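# Examining the three-dimensional arrangement
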Amino acid sequence: MEKENNFSAIHLGAALLVVLGHQYVLMGSSVPLIFGVDINGIGVRIIFVMSGYLITESYMRSKSAGQYMGKRLMRIYPPLAACIFLTVVVIGPIFTRCGLKEYFTGSIDYAVRNIAMYPVFSLPGVFQDNVNQTAVNGSLWTLPVEMMCYILLIGFMKIYDILSKKSQAAAKIFYASVGIVLWIIYVLRITGVLQHSLVFWGTDWCSAIGVAVYFLWGSIFSRLGLKNICNLQTAVFWGMICGCVDGPLRAVLLLPFVTYITIAFAFADKPIFSKLMKNNYSYGIYLWAFPIQQSVIQVIMIRGGQYYSPLVMFLISMVFIWMAACLSNVLIEKPLLKLSRRGRDSR
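Thresholds, definitions, all that
Residues numbered from 1 in each chain as written. Predicted model: local features only at pLDDT ≥ 70, side-chain atom pairs only at ≥ 80, totals over all residues. Heavy atoms only, no water. Helix = DSSP H or I, 4+ residues; strand = E, 2+ residues; numbered from the N terminus. Rg over C-alpha atoms; globule rule 2.2 N^0.38 Å. Buried < 20%, exposed > 50% of the residue type's maximum accessible area, 1.4 Å probe, protein only. Contact = heavy atoms within 4.5 Å. Areas by Shrake-Rupley, 256 points an atom, 1.4 Å probe, with all protein chains shown as cover. Lys, Arg positive; Asp, Glu negative; His and termini not counted. Charge placed at Lys NZ, Arg CZ, Asp CG, Glu CD. Patch = residues over 30% accessible without salt bridge, like charges linked within 9 Å, V, L, I, M, F, W, Y side chains within 5 Å. Salt bridge = Lys/Arg side-chain N within 4 Å of Asp/Glu carboxyl O. pLDDT = per-residue confidence, 0-100. Axes fitted to C-alpha atoms, helices over the stretch in contact; angles between N-to-C directions. Parallel < 35°, antiparallel > 145°, perpendicular 65-115°, else oblique. Left-handed = near helix turned anticlockwise from the far one by under 90°. Nonpolar A, V, L, I, M, F, W, Y, C, P; charged D, E, K, R; others polar. Phe/Tyr/Trp six-rings, centres within 6.5 Å; stacked < 30°, edge-to-face > 60°. Lys NZ or Arg CZ within 6 Å of the ring centre and 35° of its normal.

### Here we look at the overall build of the protein chain
The helix and strand inventory of the protein chain stands at 12 helices and 4 strands. Scaling as 2.2 N^0.38, a compact globule of 347 residues should have a C-alpha radius of gyration of about 20 Å, and the protein chain matches this with 21 Å. Each of the three principal axes of the protein chain carries a C-alpha extent, and together these read 65 × 55 × 45 Å. The buried share among the 347 residues of the protein chain stands at 49%. For the protein chain, long-range pairs separated by at least 24 residues make up 74% of all intrachain contacts whose partners lie at least 6 apart in sequence. Just so you have it, the protein chain exposes about 16700 Å², and 67% of that area is on carbon and sulfur atoms. Counting 28 positive and 14 negative side-chain charges, the protein chain places the averaged centre of each group 9 Å from the other.

In structure tokens form, the structure reads like this:
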């Protein structure tokens, strides 16, 4: 993969879309739409496309499935654990309406389950006066879905490798077919034809298909080498079409469009954003934004009695979110990345 690309910039932009969309939700306002989808929903979809592409590249560079999963766990868990710990011991005690003994007794469930990728969103008595009273960190719901995608990718890639030894065409047909089947299920789901639920380990896996399919399509573009057909001019034209249609047709076009334009922009000629984005702060932003936004709402609106627009509150929150993301990157993510590279080089 080219060293100069726009992935970090896209990842940051997508994370900011998620944060901005959540700001409207947390203030009880109508969320702006892009192609008929909440902006935070578009941001999550873009993140999953990039994750599917980059994680597939990581798998193909890994010497074994164990090494691949080790890298994934090292990437996901330490920043997550730090976020959960500090949320419980710092943010929670400041904003809870419970006594500290009651609070810390009840917060154990939050910490243990979220570390186990079983999403729990509330802490005892925290943010009970906010518009959204039930979620301390609503962004955590995507992490078990992403982790499941990492695991399923191993199976898909193993089958692909087995088939490719006999026929490259058969292997590519298999991978593309999985993507098409999930695309059909996804369209039926978002158009309301399929309304089933399958809740396990705190996650509705039928609903999770709505973002997991973006991961798979990003993976398909990587595994089948489809980045070569991605062109920004074509992507803009395709975006104009998606903007003009509505209803079921837009639902059909949204998945290939979001995937195509994400990869096209990532590998655009002369990727100017690659020089501006040397560090990737998006994971830290994604982890820390929600509890910080809730905290800012509590301080300014609930306790301070001041009301500002969602955009102004977003900008205020981003000051603290950016600080938290930078600290996460410098103190946790960068050292772990260096450690991972050192271990790989020593083999």
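### Let's talk about a nonpolar patch on the surface
On the surface, a cluster of nonpolar side chains totalling about 600 Å² of accessible area is made up of Phe-85, Leu-86, Val-89, Val-90, Ile-94, Leu-100 and Phe-104. Among the elements of the structure, helix 3 (65-95) and helix 4 (100-115) are those that each provide at least two residues to the nonpolar patch. Among the elements that make up the nonpolar patch, the one with the highest residue count is helix 3 (5 residues). With respect to the helices and strands, Phe-85 occurs in helix 3.

### Quick notes on the confidence of the model for the protein chain
On average, residues of the protein chain score 89 in pLDDT, and 95% of them are at 70 or above. Highest mean pLDDT in the protein chain belongs to helix 11 (residues 282-303) (95); lowest belongs to helix 10 (residues 273-276) (66).

### What to know about the packing of helix 3 against helix 4
Close contact between helix 3 and helix 4 brings their axes to 10 Å; oriented N to C, the two are set at 165°. When the axes of helix 3 and helix 4 are compared, the pair comes out roughly antiparallel. Seen along the crossing, helix 3 lies across helix 4 with a hand that is right-handed. Across from Tyr-77, Leu-80, Ala-81, Ile-84, Thr-87, Val-88, Val-89, Gly-92 and Pro-93 in helix 3, the residues of helix 4 making contact are Leu-100, Tyr-103, Phe-104, Ser-107, Tyr-110, Ala-111, Asn-114 and Ile-115. Grouping the amino acids of the contact of helix 3 with helix 4 by side-chain chemistry returns 13 nonpolar, 4 polar and no charged.

### Here we look at the side chain of His-22
Relative to the helices and strands, His-22 is located in helix 1 (residues 7-26). According to the relative accessible area criterion, His-22 is buried, its value standing at 13%. If sequence neighbours within four positions are ignored, His-22 has contacts with Asn-40, Ser-139, Phe-290 and Gln-293.

### As for unusual backbone geometry
Although it is not a glycine, Phe-35 adopts a positive phi angle of roughly 55°. Look at Phe-35 and you get partly exposed, because its relative accessible area is 23%. Phi angles above zero are rare outside glycine, and Phe-127 is one such case at about 60°. Mapped onto the elements of the fold, Phe-127 is located in the loop between helix 4 and helix 5 (142-166). Take Phe-127: its relative accessible area is 1%, and that puts it in the buried class.

### Quick notes on the pattern of salt bridges
Summed over the entire model, instances satisfying the criterion amount to 4 salt bridges. The shortest N-O distance in the salt bridge between Arg-97 and Asp-129 comes to 3.0 Å. With Arg-97 in the loop between helix 3 and helix 4 and Asp-129 in the loop between helix 4 and helix 5, the pair connects residues that are 32 residues apart, well separated along the chain. Residue Arg-97 is classed as exposed on the basis of its relative accessible area, which comes to 56%. When the shortest N-O distance is used, the salt bridge between Arg-223 and Asp-161 registers 3.9 Å. Of the two residues, Arg-223 sits in helix 7 (residues 205-223) while Asp-161 sits in helix 5, which places them 62 residues apart along the sequence.

### A look at the packing of aromatic side chains
In total, this model carries 15 aromatic pairs according to the counting rule given. Ring geometry for Phe-7 versus Phe-267: centroids 5.3 Å apart, planes at 85°, classification edge-to-face. Of this pair, Phe-7 sits in helix 1 while Phe-267 sits in the loop between helix 9 (248-266) and helix 10, and the two are 260 residues apart along the sequence. Relative accessible area serves as the criterion here: at 4%, Phe-7 is assigned to the buried category. Taking relative accessible area as the criterion, Phe-267 reaches 17% and is therefore assigned buried. Aromatic side chains Phe-95 and Phe-127 sit 5.4 Å apart centroid to centroid with 40° between the ring planes, which places their arrangement in the tilted category. Of this pair, Phe-95 sits in helix 3 while Phe-127 sits in the loop between helix 4 and helix 5, and the two are 32 residues apart along the sequence. With respect to burial, Phe-95 and Phe-127 carry one shared label: buried. The positively charged end of Arg-72 is found above the aromatic ring belonging to Tyr-150, 5.7 Å away from the centroid.

### What about the environment of Asn-279?
Positionally, Asn-279 belongs in the loop between helix 10 and helix 11. Assessed through its relative accessible area of 22%, Asn-279 is described here as partly exposed. Sequence spacing of Asn-279 and Thr-259 is 20 residues, and the spatial spacing of their C-alpha atoms is 23 Å. Excluding anything up to four places from it in sequence, Asn-279 contacts Asn-329 and Lys-334.

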